[in-house]
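Coordinate inspection notes
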Amino acid sequence: MKKAIKLAVFDIAGTTIKDNSNVAGSFQHAFLNHGFENVTLAEANEKMGYPKPLAIQAILSNHVSDKATITADLIDDIHEDFVQNMIAYYLTAPGIAPMDDAEAVFESLQDLGIKIGLDTGFSRDITDVILERVGWKNSPLIDVTVCSDEVEKGRPYPDMIRVMMDRFGITDPKEVIKIGDTEVDVNEGHNAGCLMSIAVTTGAFSEEELLKHHPSHIVNSLTEILDLIDQ
């Protein structure tokens, strides 16, 4: 007998909120501000979805020969620069909006008794600005949000999904699906043991790029998820 899905966990930027590579651009800019002029936009884009302090450390490792110079203070300074850039962007930039089909999909899933969770590589301060901007702060459309700085290990580890499962008393990960636009979204879903780990092509990566990470399914819009859970 097929288990009922009880929780759908969605990524934010590039999955449920429109993103025109602004996150990667701000991430790259934070490195440039600290003298790391060789960090490329492609490098920054590759780390989308990861907890940002972890991503900063990984990128710095590619650009300095003396690893002892990669201090906690340096990582914190670059991260704080990124956070302030992102907060300013999400507060003031035009065009910050949900994906066209996101809210309708949330409502359809809730009508089926499925809780809606959002998780993200962003810290809580950035996330709350986004949620406030698009009207999702304290909205009935969203049942729970968890951010990378609220767990011991962010994506691709399953900690954020497990926090949500605990919140709703879900013990079987096969009652959970994960949806996101990056490698770490896909791997988070797999590492949590989710019934589906669905990649969506609306964000940072193409279908060809996402296929390398073996998602259970690839969709081009969130509405396609409704067909998948009906199968």
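Keep in mind that this is a model prediction, so the values were computed, not measured.

What counts and how
- Residues numbered from 1 in each chain as written.
- Predicted model: local features only at pLDDT ≥ 70, side-chain atom pairs only at ≥ 80, totals over all residues.
- Heavy atoms only, no water.
- Patch = residues over 30% accessible without salt bridge, like charges linked within 9 Å, V, L, I, M, F, W, Y side chains within 5 Å.
- Areas by Shrake-Rupley, 256 points an atom, 1.4 Å probe, with all protein chains shown as cover.
- Salt bridge = Lys/Arg side-chain N within 4 Å of Asp/Glu carboxyl O.
- Lys, Arg positive; Asp, Glu negative; His and termini not counted.
- Charge placed at Lys NZ, Arg CZ, Asp CG, Glu CD.
- Helix = DSSP H or I, 4+ residues; strand = E, 2+ residues; numbered from the N terminus.
- Buried < 20%, exposed > 50% of the residue type's maximum accessible area, 1.4 Å probe, protein only.
- Core = buried A, V, L, I, M, F, W, Y, C linked by side-chain atoms within 4.5 Å.
- Contact = heavy atoms within 4.5 Å.
- Pairing = 2+ DSSP bridges.
- Axes fitted to C-alpha atoms, helices over the stretch in contact; angles between N-to-C directions.
- Polar contact = N/O pair within 3.5 Å; in protein donor to acceptor, adjacent residues only side chain to side chain.
- Phe/Tyr/Trp six-rings, centres within 6.5 Å; stacked < 30°, edge-to-face > 60°.

The next subject is a negative patch on the surface. A cluster of acidic residues, Asp73, Asp76, Asp77, Glu80, Asp125 and Asp149, forms a negative patch at the surface. Per-element tally for the negative patch: the top contributor is helix H4 (residues 72–92), with four residues. With respect to the element layout, aspartate 77 can be found in helix H4. We classify aspartate 77 as partly exposed; its relative accessible area is 43%.

Here we come to the nonpolar core. Counting residues in each nonpolar core, the largest one holds 61 residues, and the members touching the most others are Phe10, Tyr90 and Trp136. Per-element accounting of this core gives the leading share, nine residues, to H4. With residues near it in sequence (within four places) discarded, tryptophan 136 still touches Thr16, Ile17, Pro98, Ala102, Glu103, Phe106, Leu118, Leu131, Leu141 and Ile142. Core analysis: the next-biggest nonpolar cluster, separate from the first, contains 13 residues, Val146, Met160, Ile170 and Ala192 among them.

Reading across the sheet, the six strands line up as S3-S2-S1-S4-S5-S6 and stay open at both edges, with parallel pairing between neighbours. Among the strands making up the open sheet, the edge pair consists of strand S3 (144–147) and strand S6 (217–219). The sheet shows a mean angle of 20° between the axes of neighbouring strands, taken without regard to direction. Bridge count for strand S4 (residues 176–180) against strand S5 (residues 196–200) is four bridges, and the pairing is parallel. By the bridge assignment, isoleucine 179 is partnered in S5 with isoleucine 198.

One can find threonine 145 in strand S3. Engagement of the side chain of threonine 145 in a polar contact is seen with the side chain of arginine 124, the distance being 3.0 Å.

Turning our eyes to something else, we now look at the pattern of salt bridges. Here the structure, examined in full by the defined rule, presents ten salt bridges. For glutamate 150, the salt bridge goes to arginine 124, with nearest N and O atoms at 2.8 Å. Of this pair, glutamate 150 sits in the loop between S3 and helix H7 (159–168) while arginine 124 sits in helix H6 (residues 124–134), and the two are 26 residues apart along the sequence. By relative accessible area, glutamate 150 is classed as partly exposed at 40%. Here arginine 124 falls in the buried class, since its relative accessible area comes to 19%. Of the charged contacts in the structure, one is a salt bridge between aspartate 185 and lysine 178, with a shortest N-O distance of 3.0 Å.

Turning our attention to the packing of aromatic side chains. Taken as a whole and assessed by the stated rule, the structure comprises seven aromatic pairs. Pairing phenylalanine 10 with phenylalanine 106 gives two aromatic rings, centres 5.1 Å apart and planes at 70°, and the pair type is edge-to-face. Placement of phenylalanine 10 in strand S1 (residues 7–10) and of phenylalanine 106 in helix H5 (residues 102–111) is noted, with a sequence separation of 96 residues between them. There is no split in this pair, since phenylalanine 10 and phenylalanine 106 are both buried. Between phenylalanine 27 and phenylalanine 31 the ring centres are 5.3 Å apart and the planes differ by 70°, which places this aromatic pair in the edge-to-face class. Of this pair, phenylalanine 27 and phenylalanine 31 both sit in helix H1 (residues 22–32), separated by four residues, roughly a single helical turn. With respect to class, phenylalanine 27 is no different from phenylalanine 31; both count as buried.

For isoleucine 218, the location among the structural elements is in strand S6. Judged by relative accessible area, isoleucine 218 falls into the partly exposed class, the value being 22%. Between the C-alpha atoms of isoleucine 218 and serine 206, which are twelve residues apart in sequence, the distance is 10.0 Å. Excluding its chain neighbours within four sequence positions, the residues that come into contact with isoleucine 218 are Ala199, Thr201, Glu207, Leu210, Leu211 and Glu224.

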